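# Descriptive analysis of the structure
What follows is each chain in one-letter form.
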Amino acid sequence: MAEFVGLAIEVVKCVAEPIKRQFNYLCCFNANIQNLRDEATKLDDAKVGVEGQVAAARRNNEVIVPQVETWFDNVNKIQEDHMSGIQPEIQNMKSGCLSIKSRFSLSRKATKMAEKMKKLQDERSGEISHPAPPASMASIPVGQTYELESRKHFEEDIMATLREEKVSMMGIFGMGGVGKTTMAKKIMSRASKAGGEGLFDEIVMVVVSQPVDMLRIQKEIAELLGLELKVESVSARAHELRKRLMNAKSILIILDDLWGKLNLEDLGIPDQRDLKDCTILLTSRNRDVFSAMNIEKTFQMKILNDEEAWSLFKEKVGARVDDPSLLPTAHEIVQECNGLPLALVTVGVALKDKIDKSIWENAVHELKSCHPEDIQDFLAHVYNPLKLSYDLLESENAKLIFLMCCLFPEDNYIRIYDLSLYAWGLRMFEGITSLQAMRNKVQASVSTLKSRSLLLHGPLDEYTKMHDIVRDVGIYIATKKELMDPNLNWPREESNYNVTWISLFHQQLADKFTLPGGSVFPNLRFFRIQGPYSPNRHSLLIRVAHSELSVYDNFFESVRNLHVLSIHHYVLRSLPHTIQLLENIRTLIFYGCESLEDISVVGELTSLEILYCDDCDSIKELPVEIGRLNKLKLLHFSYCRSLSRIAAGVISSLTTLEELTLMESFSNWEWGGSEGKNAALCEINSLSNLTTLKIHIMDDSLAAEQIHLSSNLVEFSVEIGLGELNLESYGREMSLYFEKEVIIGDWIHQLLRTTERLHLEGEGSSKLLPFLPECQRLKWLRVQDSKLTRLTAFPLLEFLNLWYIDSLEEIHKGPISSESFNNLSYIKIMNCRSLRSLFSCAMENNYLLRLKSLTIWSCPMLEQVMFRDIGQNSRDHHPVIFPELEELSLSNLPMLTNLCKGIDNIDQFPALNRMEIKKCPSLKSLVSGAVEDHGNDDSLHLICKPEAAFGRLEYLTIDGYDSICSIWCDKIPIDFFTRLVDLTVCNCGNIKSLFSLSIARNLINLIRLRIKSCGEMVKVIEGEDVERSSFIKLKVLRLEKLPKLKVFCEWRCVLELPSLREVYISECPEMERFSFGSLTTPNLKDISIEREDISDYTKDLNDALFGGNFLHLEILFGSD
């Protein structure tokens, strides 16, 4: 009996919970419906948060993990089910009574859906992204090169040697200026995996130069490899580099500009016997360097022959060289340049605009003159040509700027802004009374020097660079003028104490260096000392070691006439009180002096006009003594992140100030009259000469402060609140984040009228929206989380970003003139839930002619991008052309049916290079009339009109078309396929194959193919048997979540995949073979297979694939 009771109790327990759950469906109907609403809101918030994290990760060039994409797919699906499935039932519920059965069913659906939504929220707690592949895997821009026959043969010889895979070390040698570095960069580009022949998975190139700085070289190699070095010593870093290189698949290391034997193992590059997949390419002026390093394979880069030298010179000079009166002289000049490209280019550019024959004849005389006897041998052959280019500069100031660039380390990027600070302190340009005018003069001089090939272009417009040979000649010229002593190294009795400029680099000095006293430099006007640095992808200069600098008390007694003092990247713990002896100092710069804290003594330098502190993180206060600098024109304290206090009254005391920059540092401005400890924002009212203002104001209520800005203000960056804006991209920019409504002062409106870049965020920013029509100088606009309903036309606008704006139904409605939005190049719209179209207009001609990129994501109500209303009985027969559109990305737009509604002829995309269409099930065609022409044939007609121009489309993603049976229709121009480089097809549930035989034959440039989540796909390629076929350039193949896929290719033929290197197969349980014919894959290296029953794959997938028809195969089961 007890057993029976126990059994009964267990049975009751088992059925009680299900009964209770079913009962709750009826009794808790309203609670279940409300719970669904709550979970839907939470999931929507979670999605918005993740989208923000994804956007932030992409801004940092990080790679989004695949799980995030899957999560978004699941969220979009359940949201679609909610909106189109259960939500209408809930709405219908309000209109009448529901039966008990209907209430039960609806309540049950709501509960199940709420549980799924909660589960999705819980799932999104992992990582969003991971760092992008290192720079060693990126494509490399080569810049301008000259296609000369001898150089082509030379390049091919090196490439052929690299392809042999037998030579592990090789060297290029030749005289300075012959083009070794340019050739190394071309080899780097051609051999790379990204955009080249793919000979190496990773390539790094580092300049060695002299003197050899092992720490810098190691740092640069590590950064290019994506390796973070957490150790300081050379030996410890070498150990870390060695481990990283031993794990590399295949790598090319280029070490440029060697001057002597370099011990590679000390650097961290293992012995070639231990590192089989590593090739080393070196360049040097001296062949003996290679002999000392036992490098057997060398290539001598010779000077150009007469024909090529003439061709290069003529290209630089232009058609004037054919003038019969100049032709003989021109040939003499070319002969004197001795076939050296650097000399030919610099002299040719210098003579380009010269008409006077006497100038040409003088050039011959100068080139034939004997070079100085004391010049170094390696400079002798280029001295005369470069000295001539220098002498032909009309401006003495341009000559001084040229010589000033020699003060920077070899291969250093030179910031033009720094040159202007130095030029101001040295009074280089007569008659200049403002810093802005000085910058303009310096910029003009730099442009002149670039045009004469005496300076090179930097990575950004704000930077320039100097060829090391040009720099060496410049140093020689400056030395002869007693401007500088390149051999200065204290203490040295033979140093020239009459020099005007001194620039010291950490390579010349000990890690702990003290500026000595005792020696007198009566003429010294400029002193610069720079600690260790390294190029970096985020900033052009960063510290690689903490070198310490001390200053003897009597040092400043020896340099009393100093006008410019610039200290970079040194641990400078304090400033001696004797710095106040610098009675003539005008420019004082501390850059990256992270330990510098107390700068109160600077207040004694009453002649100071520029005080520039950047990245000095220990400075906590701008003391009251700074207010004594009554001649100060520039005050710059940016990226001084500990700076939290500026003494009250300091700013208002600096009445001569022209430029005030406090970005990423002080933001604790206070109200005027508050008697606080910090500077009041209204102190800016005292700065009547202000031309530049860059500040961050944390307290958004200060927008109401009464500020009277200088009428001279031409450049500003004003950030209020917590808004995020990468400033310094435009001359006039604002970031305004108002979480709640605040009072807006007139000074904000004044700045808005002239701002070029504007970021508005938060509900409080809605108060500024009516003022937007007056912002007619806008070039960049981002509005986020605001109540925007419509935009006016902005004729100068280039970038438009609209994020999370639920009130927006249309960006612009009404007539659009040819000038309106005419400069718009980039549009990005995200999560605008009420948006139905971007533009609605009555207009006969094209607009958006300069649009380069169009991105629209997650706008569930969007029906068309543009709507043209031209009359009920009228049709527009003018073709709409997007002549510059390069990127088109449309994602999660369930209602989108047209790009342009009311337009018959939209069929021209001549520049479109990248197209991504995801989760847009109603969008069946981009070109007009395509769907109507074909009727309902279950094919996708995105690109199918023969006359449509898609002349450059290389990257294509199609995702989320469950209703179609074919991606391609039969009217797609066949040459469209010949251009495809990267193709991704996902979530097309009804397609059974991807390519026909005729299409596959034309995929001659396809490099990457990815197919995912196509549930009905049985084969990738279908068609009749042929004897032989090939995908010549296919390198990467990914097949994922294809449950019915049986074979990649059903042809019985020889399938050639000569470039295939990576194959990834995941969740393809029915796949038994790759192809039914033989397979050739000579370069296949990596196969990654994910399947629960891995053993089935070891042989049965395809004997040809796994039977050894490839080299260096690694089967990585269960990995990505």
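This one's a predicted model, so the numbers in the text were calculated from it and none came from an experiment. (Residues numbered from 1 in each chain as written. Predicted model: local features only at pLDDT ≥ 70, side-chain atom pairs only at ≥ 80, totals over all residues. Heavy atoms only, no water.)

### Regarding the sheet that holds strand β10 (residues 463-465)
The strand order across the open sheet formed by three strands is β8-β10-β9, and the pairing between neighbours is antiparallel. Taken across any chain shown, the strands that pair with only one partner, and hence form the sheet edges, are β8 (414-415) and β9 (456-457). As defined by bridge partners, β9 adjoins β10 across two bridges and the pair is classed as antiparallel. Across the sheet, the residue bridging to His-457 is Thr-464, located in β10. (Pairing = 2+ DSSP bridges. Helix = DSSP H or I, 4+ residues; strand = E, 2+ residues; numbered from the N terminus.)

### Things to note about the packing of helix α5 (residues 149-164) against helix α6 (residues 180-191)
Packed helix pairs are specified by the crossing angle of their axes together with the interaxial distance, meaning the distance between the axes. The interhelical angle for the contact between α5 and α6, taken along N-to-C directions, is 50°, at an axis separation of 11 Å. It follows that α5 is oblique to α6 by the angle criterion. The two elements α5 and α6 cross, and the hand of that crossing is right-handed. Only Met-183, Lys-186, Ile-187, Arg-190 and Ala-191 of α6 make contact with α5, whose side of the interface consists of Arg-151, Phe-154, Glu-155, Glu-156, Ile-158, Met-159, Leu-162 and Arg-163. Of the residues assigned to the contact of α5 with α6, the class counts are seven nonpolar, no polar and six charged. (Axes fitted to C-alpha atoms, helices over the stretch in contact; angles between N-to-C directions. Parallel < 35°, antiparallel > 145°, perpendicular 65-115°, else oblique. Left-handed = near helix turned anticlockwise from the far one by under 90°. Contact = heavy atoms within 4.5 Å. Nonpolar A, V, L, I, M, F, W, Y, C, P; charged D, E, K, R; others polar.)

### Regarding the packing of aromatic side chains
For any two aromatic rings, the description comes down to two numbers: the centre-to-centre distance and the angle of the planes. For the structure on display, the rule yields 13 aromatic pairs. Ring geometry for Trp-968 versus Phe-977: centroids 5.1 Å apart, planes at 85°, classification edge-to-face. Judged by its relative accessible area of 8%, Trp-968 falls in the buried class. For Phe-977, a relative accessible area of 2% corresponds to the buried category. The structure contains a cluster of three or more aromatic residues connected by ring pairs, namely Phe-408, Tyr-422, Trp-501 and Phe-526. The residue whose ring lies beneath Arg-757 is Trp-780, and the NZ or CZ to ring-centre distance is 3.8 Å. Between Arg-782 and the ring centre of Trp-803, over which it is positioned, the NZ or CZ distance is 3.9 Å. (Phe/Tyr/Trp six-rings, centres within 6.5 Å; stacked < 30°, edge-to-face > 60°. Buried < 20%, exposed > 50% of the residue type's maximum accessible area, 1.4 Å probe, protein only. Lys NZ or Arg CZ within 6 Å of the ring centre and 35° of its normal.)

### Observations concerning the pairing of strand β28 (residues 799-803)
Where burial is concerned, most of β28 is hidden: four out of the five residues are buried. Taken together, the five bridges between strand β27 (residues 780-784) and β28 define a ladder with parallel strand orientation. Along β28, the bridge assignment pairs Trp-780 with Phe-799. Where β28 and strand β30 (residues 826-830) come together, five bridges link them in parallel fashion. The residue bridging Leu-802 from the neighbouring strand is Ile-829, located in β30.

### A few points about unusual backbone geometry
Positive phi, close to 65°, is recorded for Asp-257, a residue that is not glycine. In this fold, Asp-257 is placed in strand β5 (residues 251-258). One non-glycine residue, Asn-892, lies in the positive phi region at around 55°. By the element assignment, Asn-892 lies in the loop between β35 (887-891) and β36 (898-901). Residue classification places Asn-892 among the buried positions, given a relative accessible area of 16%.

### A closer look at the nonpolar core
Within the largest apolar cluster, 179 residues are counted, with the highest numbers of intra-cluster contacts made by Leu-611, Phe-637, Trp-968, Leu-994, Phe-995, Leu-1039 and Phe-1048. Excluding anything up to four places from it in sequence, Leu-994 contacts Ile-967, Trp-968, Leu-983, Val-985, Leu-1009, Ile-1011, Met-1017, Lys-1019 and Val-1020. Counting residues in hydrophobic clusters, the runner-up holds 96 residues, among them Ala-184, Phe-200, Leu-393 and Leu-419. (Core = buried A, V, L, I, M, F, W, Y, C linked by side-chain atoms within 4.5 Å.)

### Observations regarding the pattern of salt bridges
By the definition in use, this model includes 36 salt bridges. Notably, a salt bridge pairs Glu-220 with Arg-216, separated by 2.9 Å at the nearest N-O pair. Of this pair, Glu-220 and Arg-216 both sit in helix α7 (residues 214-224), separated by four residues, roughly a single helical turn. Across this residue pair, the class does not change: Glu-220 and Arg-216 are buried. For Lys-219, the salt bridge identified is with Glu-223, shortest N-O distance 3.9 Å. Within this pair, Lys-219 and its partner Glu-223 are both found in helix α7, separated by four residues, close to a single helical turn. On the basis of relative accessibility, which here comes to 23%, the residue Glu-223 falls in the partly exposed class. Among the ionic contacts, a cluster of salt bridges with common partners joins Glu-155, Glu-156, Lys-186 and Arg-190. (Salt bridge = Lys/Arg side-chain N within 4 Å of Asp/Glu carboxyl O.)

### Regarding empty space enclosed by the protein
The tally for this structure, following the rule as stated, stands at six cavities of 30 Å³ or more. In this structure, the largest cavity spans a volume of roughly 70 Å³. If you trace the largest cavity, you find twelve residues lining it, with Leu-854, Val-865, Met-866, Phe-882 and Leu-899 closest to the centre. Only β33 (864-868) and β36 provide two or more residues apiece to the lining of the largest cavity. Taken together, the residues of the lining of the largest cavity sort by class into twelve nonpolar, no polar and no charged. (1 Å grid on protein atoms, 1.4 Å probe; cavity = no way out; pocket = protein on both sides within 12 Å on 5 of 7 lines; lining within 4 Å. Points joined across faces, edges and corners; volume = space filled by probe spheres on them.)

### Things to note about the sheet that holds strand β7 (residues 297-300)
Read across the open sheet, the five strands follow the order β4-β5-β6-β3-β7; overall the sheet is parallel. One side of each edge strand has no neighbouring strand; the edge strands of this open sheet are β4 (202-207) and β7. This sheet shows a mean twist of 15° between the axes of neighbouring strands, independent of strand direction. Where strand β3 (residues 169-173) lies against strand β6 (residues 278-284), five bridges are found, and the strand directions are parallel. Note on β6: the bridge partner recorded for Gly-171 is Leu-282. Helix-sheet contacts for α5 involve β3, β5, β6 and β7, and the interaxial angle to β7 is about 170°.

### Focus on the packing of helix α11 (residues 306-317) against helix α12 (residues 327-336)
Packing of α11 against α12 leaves a shortest axis separation of 10 Å and a crossing angle of 115°. In this structure, α11 meets α12 at a crossing whose hand is right-handed. Every residue of α12 that contacts α11 at Ala-309, Trp-310 and Phe-313 is listed here: Leu-327, Ala-330, His-331, Ile-333 and Val-334. Its residues assigned to classes, the contact of α11 with α12 shows seven nonpolar, one polar and no charged.

### Thoughts on the confidence of the model for the chain
Averaged over all residues, the pLDDT of the chain equals 79, while 77% of them reach at least 70. Low pLDDT, under 50, characterises residues 136-141; the predicted model gives this stretch 13 contacts beyond four residues in sequence or across chains. Here residues 872-876 scores under 50 on pLDDT; set against residues more than four positions off or in separate chains, the count is seven contacts. (pLDDT = per-residue confidence, 0-100.)

### Observations regarding the environment of Ser-618
Position of Ser-618 among the secondary structure elements: in the loop between β18 (610-614) and β19 (621-622). Setting aside chain neighbours within four positions, we find Ser-618 in contact with Glu-594, Ser-595, Leu-596 and Glu-597. At 2.4 Å, the side chain of Ser-618 and the backbone oxygen of Glu-594 are in polar contact. (Polar contact = N/O pair within 3.5 Å; in protein donor to acceptor, adjacent residues only side chain to side chain.)

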